[in-house]
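# Commentary on secondary and tertiary structure
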Amino acid sequence: MEFPFDVDALLPERITVLDQHLRPPARRPGTTTPARVDLQQQIMTIVDELGKASAKAQHLPAPITSAARMQSNRHVIYVLKDTSARPAGKGSIIGFLKVGYKKLFVLDDREAHNEVEPLCILDFYIHESLQRHGHGRELFQHMLQKERVEPHQLAIDRPSQKLLKFLNKHYNLETTVPQVNNFVIFEGFFAHQHRPPAPSLRATRLSRAAAADPTPTAPARKLPPKRAEGDIKPYSSSDREFLKVAVEPPWPLNRAPRRATPPAHPPPRSSSLGNSPERGPLRPFVPEQELLRSLRLCPPHPTARLLLATDPGGSPAQRRRTSSLPRSDESRY
């Protein structure tokens, strides 16, 4: 794939590794850089054109590799250039391989869910005119050595039939583990996943604090020995002695309600029809003479004089005693 600028001067190595910053690699000593040329813009153009060619080869509706996607994700792209042919003295690009770590939920051979973060093959493209020349294996092997991974430890995002045949031919990856997502993993993927569980961070801190603290811990509390079954006496009086002590509730709960004693002889009910209410006994009637006798013992009061004046049946002696009061007292009333 040719470009209108000098690819050989932009990418000095045969395989160049580009990260999300898309910065031009360090140049070889003794080489000169053209003045006023935006090298990063040229790298972004290479990435965009490679992404379009890969999407067209895989019949995708839109490219999955672009300079904008590279800058927004922590992916790495391996670019392979052609050093043998130099059309017009500018060089050309053979293909690229994009990888990146992703957190996935995958199923193992027992259909159990596992949360892993493997290195994933995200995009792989070799120009159609240069396929079956060993360029793909050269690029893929360089990536494995650089990332220090094995082929069966990789997860491939929506691989094409050409890529599956490529992995089967060069790395004997044939048996896949069925998944519910678009990623494909091969047998042996979980071989390096079965490790003893690491202790939690909290347990590690507690163990370190216990080792650093010289304060002795409190001795363990010794429990009384268990009695034999023959000595156990359920419902024994000694064990239930506390039940005999009556605990008096606090005031006012300790005051029992007073019950009204029923009368010995209930009053007769009214003989009238209906359910008329029963009335209690009335107060005893005080005769008029006893009332007047009690009034004589009290100081004179207008009420007493009025009763004597209006009483026609009063005795003459009572009248005389009443009329014998001093005039000075009468004048006051």
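Reading the values: rules and limits
Residues numbered from 1 in each chain as written. Predicted model: local features only at pLDDT ≥ 70, side-chain atom pairs only at ≥ 80, totals over all residues. Heavy atoms only, no water. Helix = DSSP H or I, 4+ residues; strand = E, 2+ residues; numbered from the N terminus. Buried < 20%, exposed > 50% of the residue type's maximum accessible area, 1.4 Å probe, protein only. Contact = heavy atoms within 4.5 Å. Areas by Shrake-Rupley, 256 points an atom, 1.4 Å probe, with all protein chains shown as cover. Axes fitted to C-alpha atoms, helices over the stretch in contact; angles between N-to-C directions. Parallel < 35°, antiparallel > 145°, perpendicular 65-115°, else oblique. Nonpolar A, V, L, I, M, F, W, Y, C, P; charged D, E, K, R; others polar. Lys, Arg positive; Asp, Glu negative; His and termini not counted. Salt bridge = Lys/Arg side-chain N within 4 Å of Asp/Glu carboxyl O. Expected span 1.5 Å × (residues − 1). Pairing = 2+ DSSP bridges. Patch = residues over 30% accessible without salt bridge, like charges linked within 9 Å, V, L, I, M, F, W, Y side chains within 5 Å. Charge placed at Lys NZ, Arg CZ, Asp CG, Glu CD. Core = buried A, V, L, I, M, F, W, Y, C linked by side-chain atoms within 4.5 Å.

Our focus in this paragraph is the overall build of the protein chain. Counting its regular elements, the protein chain contains ten helices and nine strands. Residues classed as buried in the protein chain amount to 27% of the 333 residues present. Once local pairs closer than 6 in sequence are excluded, the contacts in the protein chain between residues at least 24 apart make up 59%. A total accessible area of about 25,700 Å² is found for the protein chain, and carbon and sulfur atoms account for 55% of it.

Let's shift gears to the side chain of histidine 75. Inspection of the secondary structure assignment puts histidine 75 in the loop between helix H3 (67–72) and strand E2 (76–82). Overall, histidine 75 belongs to the buried group, its relative accessible area being 10%. Once residues lying within four places of it in the same chain are set aside, the contact partners of histidine 75 are Leu18, Asp19, Gln20, Met70, Lys98, Val99, Gly100, Lys102 and Leu122.

The next thing to look at is the packing of helix H4 (residues 135–147) against helix H5 (residues 161–171). The contact between H4 and H5 brings their axes to 12 Å, and the two run at 75°. Taken together, the axis directions place H4 and H5 in an arrangement best described as roughly perpendicular. Across the interface between the two elements, Gly136, Arg137, Phe140, Gln141 and Leu144 from H4 touch Phe166, Leu167, His170 and Tyr171 from H5. For the contact of H4 with H5, a count of residues per class yields five nonpolar, three polar and one charged.

Further remarks concern the side chain of aspartate 82. Turning to its location among the elements, aspartate 82 is positioned in strand E2. Buried and unpaired, aspartate 82 has arginine 14 as its nearest opposite-charge partner, separated by 4.8 Å. When sequence neighbours within four positions are dropped, the list of residues in contact with aspartate 82 reads Arg14, Ser92 and Ile94.

Looking now at helix H2 (residues 39–57). An α-helical turn contains 3.6 residues, so a residue and the one three or four places further along point in the same direction. With 19 residues, H2 extends 27 Å from end C-alpha to end C-alpha; this agrees with the ideal 27 Å at 1.5 Å per step. Listed in full, the buried residues belonging to H2 are Leu39, Gln42, Ile43, Met44, Ile46, Val47, Leu50, Gly51, Ala53, Ser54 and Ala55. Summarising the contacts, the buried residues of H2 are in contact with helix H1 (7–10), strand E1 (15–18), H3, E2, strand E3 (92–101) and strand E6 (119–126). Note on H2: the residue one or two positions beyond its end, histidine 59, has a positive phi of about 60°.

The next subject is the sheet that holds E3. The strand order across the open sheet formed by seven strands is E1-E2-E3-E6-E7-E9-E8, and the pairing between neighbours is mixed. Edge strands, defined here as strands with exactly one partner in the open sheet, are E1 and strand E8 (176–177). Relative to strand E7 (residues 155–157), E6 runs parallel, the two sharing two bridges. The residue of E7 that forms the bridge with isoleucine 121 is isoleucine 156.

Across all of its chains, the model carries three salt bridges by this definition. Of the charged contacts, one joins lysine 81 and aspartate 8 as a salt bridge, the two residues approaching to 2.3 Å between their closest N and O atoms. Of this pair, lysine 81 sits in strand E2 while aspartate 8 sits in helix H1, and the two are 73 residues apart along the sequence. Look at aspartate 8 and you get partly exposed, because its relative accessible area is 26%. A salt bridge links arginine 14 to glutamate 138; the shortest N-O distance between them is 2.7 Å.

Glancing now at a positive patch on the surface. A cluster of basic residues, Arg132, Lys162, Lys165 and Lys169, forms a positive patch on the protein surface. Here arginine 132 shows up in the loop between E6 and H4.

Look at any regular strand and the pattern is simple: side chains alternate between the two faces of the sheet. Here E6 lies mainly inside the structure; eight of its eight residues are buried. In this structure, E3 lies alongside E6, joined through seven bridges in antiparallel fashion. Bridged to tyrosine 101 within E6 is leucine 119.

Next up on the list: unusual backbone geometry. At arginine 132, a residue that is not glycine, the phi angle is positive and equals roughly 60°. In this structure arginine 132 comes out as exposed when scored by relative accessible area, which is 84%. Here arginine 148, not a glycine, exhibits a phi torsion of approximately 60°, which is positive. Along the chain, arginine 148 turns up in the loop between H4 and E7.

Leu97, Phe140, Met143 and Leu167 are the most contacted members of the largest nonpolar core, which has 23 residues in total. Elements that contribute at least two residues to this core include exactly E2, E3, E6, H4 and H5. Discounting residues that sit within four places of it in the chain, phenylalanine 140 has contacts with Leu97, Ile121, Phe124, Leu154, Phe166, Leu167 and Tyr171. Of all hydrophobic cores here, the second largest spans 22 residues; its members include Phe5, Leu18, Ile43 and Leu50.

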